[in-house]
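This is what each chain is made of:
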Amino acid sequence: MNKTLLNKLKQITLEEKAILEGNSIEQSRYTKKKSFEIESNKILDSEKLITVRTHTRFTDFPNHKHDYIEMMYVAQGEIHHVIDGKDVVLQQGEILLLNQHSWHEIKKAGIDDIAINFIILPSFFDVVYEMIGYDNIIAKFLVDMLRRDGSSKEYLLFKVSDILQIQNLMENMIQSLYEKEGD
């Protein structure tokens, strides 16, 4: 990954600074609900369908789910998830696509564990369906993940760290979305 971009992603956020000062994850930053369901309107501008943010490091991220689809890309290091009681460790260059109904927790990440969360509203995938069609594993997962009953598969893990084209695509998407966030 481009060193300049990686250095931007490594910067300690205000939330991480508070954690390093002894505070814990503020659930109210992510949701108004009693259950820890992260609400897209708390972290995504109303006119956007997708955004990126770095994963919060230095503490365990408690068991939660989202009202959006999350895709995590590990830019450096590794990130340890527990999804429905199952350990899932993402290595550098891997991608995790999480069903919006999946309850999961994320173990404490260190200073050199850099992951990017893509926060994606379900309506974003209307365009994706038109591009990839409906008769493949990704489309089937997306259809299941958008179902409201939560009975579909929990996640897809893509071990693509050795595929240069995907790594370049991820870097370009992160760069593009990250720069737009600064506007």
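Structure: see above.
Below, the structure is looked at part by part.

About the thresholds
- Residues numbered from 1 in each chain as written.
- Predicted model: local features only at pLDDT ≥ 70, side-chain atom pairs only at ≥ 80, totals over all residues.
- Heavy atoms only, no water.
- Salt bridge = Lys/Arg side-chain N within 4 Å of Asp/Glu carboxyl O.
- Helix = DSSP H or I, 4+ residues; strand = E, 2+ residues; numbered from the N terminus.
- Buried < 20%, exposed > 50% of the residue type's maximum accessible area, 1.4 Å probe, protein only.
- Patch = residues over 30% accessible without salt bridge, like charges linked within 9 Å, V, L, I, M, F, W, Y side chains within 5 Å.
- Areas by Shrake-Rupley, 256 points an atom, 1.4 Å probe, with all protein chains shown as cover.
- Contact = heavy atoms within 4.5 Å.
- Core = buried A, V, L, I, M, F, W, Y, C linked by side-chain atoms within 4.5 Å.

Bringing the pattern of salt bridges into the picture now. A complete count under the given rule lists 7 salt bridges for this structure. With a closest N to O distance of 3.7 Å, Lys 159 and Glu 94 form a salt bridge. You can see Lys 159 sitting in the loop between strand E10 (155-158) and helix H6 (164-181) and its partner Glu 94 sitting in the loop between strand E6 (86-91) and strand E7 (95-98), a full 65 residues away along the chain. With its nearest N and O atoms 3.3 Å apart, the salt bridge here joins Glu 105 to Lys 107. For Glu 105, a relative accessible area of 24% corresponds to the partly exposed category.

Turning our attention to a nonpolar patch on the surface. Together, Ile 12, Leu 20 and Ile 111 line one region of the surface with nonpolar side chains, adding up to about 290 Å² of accessible area. By secondary structure assignment, the location of Ile 111 is in the loop between strand E8 (104-106) and strand E9 (114-120).

This part covers the environment of Ala 115. Along the chain, Ala 115 falls in strand E9. As for Ala 115 and Gly 77, which are separated by 38 residues in sequence, their C-alpha atoms are 8.3 Å apart. Excluding anything up to four places from it in sequence, Ala 115 contacts Arg 53, Thr 54, His 55, Met 72, Tyr 73, Val 74, Ala 75 and Ile 79.

On to the nonpolar core, then. The biggest cluster of nonpolar side chains holds 23 residues, and the ones touching the most others in it are Phe 61 and Ile 79. Of all the secondary structure elements, the ones that give two or more residues to this core are strand E4 (69-76), strand E5 (78-83), E6, E7 and E9. Residues in contact with Ile 79, not counting those within four places in the same chain, are His 55, Met 72, Val 74, Val 88, Val 89, Leu 90, Ile 106, Ala 109, Asp 113 and Ala 115. If you look at the next biggest cluster of nonpolar residues, it comprises 20 residues, including Leu 5, Ile 95, Ile 114 and Ile 116.

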